[in-house]
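# A closer look at the structure
These are the residues of each chain, in order.
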Amino acid sequence: MPEQVITIIGGGLAGAEAAWQAAQRGARVRLFEMRPRRQTPAHQTGLLAELVCSNSLKSNSLTTSSGLLKEEMRRLDSLMIHCASQSAVPAGDALAVDRERFGALVTEALEAHPGVDIRREEAAAIPGEGIAVIATGPLTSESLAVSIQAFTGQKMLYFYDAVAPVVDAETIDRGQVYEASRYDKGEPAYLNCPMSEEEYRRFWEALVAAEKAPLNDFEEMHIFEACMPVEEIAARGPDTLAFGPLRPVGLIDPRTGRRPFAVVQLRQENLEGSLYGLVGFQTRLKWGEQRRVFAMIPGLENAEFVRYGVMHRNTFIDSPSVLLPTLQTRARPTLFFAGQLIGVEGYMESAAAGLLAGLGAARLLEGKDPLAMPEDTMMGALFSHVSSKPFHNFQPMNSNFALLTNEGLASRKRQDRKAEKAERAMEALERWKQGSVD
Ligand SMILES: Cc1cc2nc3c(=O)[nH]c(=O)nc-3n(C[C@H](O)[C@H](O)[C@H](O)COP(=O)(O)OP(=O)(O)OC[C@H]3O[C@@H](n4cnc5c(N)ncnc54)[C@H](O)[C@@H]3O)c2cc1C
């Protein structure tokens with residue numbers, strides 16, 4: 001009898017989590033990751049679960065959708081959550097990590113696992129047989145993308161994502177910036193670059209006039225609202241930035257006792273505090289233009305950019321017509337998709353999909369049916385949303401409370417309803433965990 005193995009393609013957030021979950025349940029896993037031999041346009045290392053842009057995994061609070069999602073994953077023994085807490089850096093009430101350390105911890109855990117065999121190879125096609133999870137993410141290699149397209153029988157869907165620049169902390173003029181978290185929540189985790197109205201207006205004018213990198217590999221441009229480039233936000237009007245990523249609310253400058261007209265926030269990127277990212281500054285300006293325009297931000301006049309912002313293609317399938325809520329494909333129940341490829345957006349959403357696919361694949365190997373998650377949980381609601389609701393124009397989705405029903409809730413206030421939904425999710429998850437043991 002041939003060896004029973006689960007094949008997982010892609011060692012990103014989703015694939016690494018899927019491998020961990022399946023192997024923890026005793027399955028033998030073969031994990032294909034093409035890096036470092038072959039890089040994507042956004043990854044820079046050979047580490048598994050590399051975070052390609054922001055180092056933030058968002059809020060930890062249970063009354064935020066991302067906090068609830070992380071708590072569910074934590075209760076399901078998520079490797080990503082475990083490694084994130086081991087590599088956390090100060091970020092107010094959010095969970096942010098030292099990117100290198102996070103990836104190194106995930107890589108070490110999977111390399112050391114006796115059930116996981118990591119192959120540093122590109123998988124050119126969907127495996128013809130056996131149990132498999134495809135988790136190759138938004139930058140799936142070309143030949144595999146063609147194979148996926150042939151399997152799903154439809155055009156893949158695309159949009160653009162943008163990366164924010166990172167600067168060397170030593171090159172920030174500390175005399176001009178101040179430490180604070182918005183509304184003084186948590187420890188002061190951000191460096192804030194205050195702008196007067198005059199400075200803001202000059203900056204806005206330079207930003208909207210700056211030259212952008214050409215888009216060469218794409219027919220049609222779809223920009224996902226949650227990752228809008230800063231120059232596109234600016235182009236919508238002279239004040240959009242001041243009400244968006246540069247909003248100064250809750251950021252009183254302790255040196256003046258006043259709120260600046262606008263504030264650019266810098267977030268710590270690594271444990272040492274040697275790197276800072278420009279929050280909300282995803283961009284596709286040409287690199288020389290980034291240096292010129294972003295040097296107009298007070299405190300960044302002489303900043304050294306260790307990483308410039310870039311824009312990249314994103315790829316996802318039309319999940320409503322392809323997937324079940326278990327993340328198995330309708331056409332072939334031994335084949336799962338996970339991660340950003342299924343049309344979820346975000347690091348943790350992607351990892352959560354890997355978690356469910358890994359669990360389902362392990363159950364299948366044991367001769368059991370994979371289980372969908374209850375729709376009262378954030379994970380269940382998200383996967384139900386991407387897999388089974390009818391769409392005219394399917395677009396990627398983040399975790400959010402609107403996916404969880406208001407039915408049966410006692411509270412009237414929105415904030416209280418969130419707390420109720422979170423409580424209900426925890427109960428549903430615990431019941432599901434009991435049921436999924438057998
Ligand atoms: C430029 C950019 C910026 C982003 N910024 C953010 C952000 O700030 N915050 C956020 O939450 N999300 C962000 N995202 C989304 C982020 O990529 C996803 O949320 C997350 O990384 C997706 O996880 P994944 O496991 O699906 O894919 P990935 O993490 O990309 O992992 C897929 C893996 O598959 C590998 N692979 C691809 N093809 C093959 C093949 N044929 N054979 C073997 N291996 C293969 C790749 O090398 C990669 O390691 C960004 C995405 C992009 C592209």
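These numbers were taken from a predicted model, which means no experiment stands behind them.

Another aspect to go through is the overall build of the chain. When you go through the chain residue by residue, the secondary structure sums to 13 helices and 16 strands. For 438 residues, the compact-globule formula gives about 22 Å, and the C-alpha radius of gyration of the chain, at 22 Å, lands near that figure. With the C-alpha coordinates of the chain rotated into their principal frame, the extents come out at 70 × 50 × 45 Å. Sorting the 438 residues of the chain into buried and exposed places 49% on the buried side. In the chain, the proportion of contacts linking residues at least 24 apart, taken out of those at least 6 apart, comes to 71%.

The antiparallel open sheet is built from 3 strands, whose spatial order is β3-β5-β4. The strands lining the two open edges of the sheet, one partner per strand, are β3 (56–59) and β4 (88–89). Across 2 bridges, the pairing between β4 and strand β5 (residues 94–97) is antiparallel. The residue of β5 that forms the bridge with Ala88 is Val97.

This next bit is on the sheet that holds strand β10 (residues 178–180). Strand order in this open sheet of 6 strands is β10-β11-β12-β13-β9-β14, and the pairing throughout is antiparallel. Each end of this open sheet is capped by a strand with a single partner; those strands are β10 and β14 (305–307). Looking at each pair of strands side by side, their axes are set apart by 40 degrees on average, direction ignored. In this sheet, strand β13 (residues 275–278) lies alongside strand β9 (residues 166–168) in antiparallel orientation, the contact comprising 3 bridges.

Here the amide bond leading from Arg35 into Pro36 is cis, since omega sits at 0 degrees, within 30 degrees of zero. By secondary structure assignment, the location of Pro36 is in the loop between β2 (29–32) and β3. Within the chain, Ala49 stands out as a residue other than glycine whose phi angle is a positive 50 degrees. Mapped onto the fold, Ala49 is located in the loop between β2 and β3. Of note in the backbone geometry, Lys58 takes a positive phi value of approximately 70 degrees without being a glycine.

Turning our eyes to something else, we now look at the domain arrangement of the chain. Partitioning the chain into structural domains gives domain 1 (6–159 + 314–437) and domain 2 (166–309). Taken over C-alpha atoms, the centre of domain 1 sits 30 Å from the centre of domain 2.

Another aspect to go through is the site of the ligand. The environment of the ligand is made up of 37 residues, and the closest members are Gly10, Gly12, Cys53, Gly137 and Gly339. Mapped by element, the contributors of at least two residues to the shell around the ligand are α1 (13–24), β15 (311–316) and α11 (347–365). Considering every element that reaches the shell around the ligand, the biggest residue donor is α1, with 3 residues. Grouping the constituent residues of the shell around the ligand by class yields 16 nonpolar, 17 polar and 4 charged.

Before going further, it helps to examine the packing of α11 against helix α12 (residues 378–388). The N-to-C vectors of α11 and α12 enclose an angle of 90 degrees; their axes lie 11 Å apart at closest approach. Considering their axes alone, α11 and α12 lie roughly perpendicular with respect to each other. In contact with Glu349, Ala352, Ala353 and Leu356 of α11, α12 contributes Met379, Leu382 and Phe383. Tallied by class, residues from the contact of α11 with α12 come to 6 nonpolar, no polar and 1 charged.

Examined bridge by bridge, strand β1 (residues 6–9) and β2 share 4 bridges and lie parallel to one another. Paired with Ile8 across the bridge in β2 is Leu31. Remark: the β1/α1/β2 crossover connection has right-handed handedness. By the bridge criterion, 4 bridges tie β2 to strand β6 (residues 116–119) in an arrangement that is parallel. Each bridged residue has a counterpart across the sheet, and for Leu31 the counterpart in β6 is Ile118.

Thresholds applied
Sequence order sets the numbering: in each chain, residues are counted from 1 along the sequence as written. A pLDDT threshold of at least 70 governs which residues receive local features in this predicted model, and a stricter bar of 80 or more applies before side-chain atom pairs are shown or counted, although totals over entire chains, interfaces and linings include all residues. A run of DSSP states H or I qualifies as a helix once it reaches four residues; a run of E qualifies as a strand once it reaches two. Both are numbered from the N-terminal end. The size measure is the radius of gyration over C-alpha atoms, and the globule rule it meets is 2.2 Å times the number of residues to the 0.38 power. Put simply, a residue is buried when 20 or more other C-beta atoms lie within 10 Å of its own C-beta and exposed when 12 or fewer do; between those, it is partly exposed, and each C-beta is set from the backbone. Contact between two residues is assigned when their C-beta atoms, built from the backbone, lie within 7 Å. The criterion for strand pairing is that DSSP finds at least two bridges linking the strands in question. To obtain each axis, a line is fitted to C-alpha atoms, and for helices this fit is confined to the stretch in contact; angles are then taken between N-to-C directions over 0 to 180 degrees. Throughout the structure description, domain borders are defined by an automatic or database domain assignment. Being near a molecule or strand means, for a residue, that its backbone-placed C-beta atom lies within 6 Å of it. Side-chain classes follow a simple rule in which Ala, Val, Leu, Ile, Met, Phe, Trp, Tyr, Cys and Pro form the nonpolar group, Asp, Glu, Lys and Arg form the charged group, and the remainder, Gly included, forms the polar group. Orientation categories follow fixed angle ranges, with anything under 35 degrees roughly parallel, anything over 145 roughly antiparallel, 65 to 115 roughly perpendicular, and all other angles oblique. Here a crossover is taken to be right-handed if, once the strands point away from the viewer, the path from the first strand over the helix to the second is traced clockwise.

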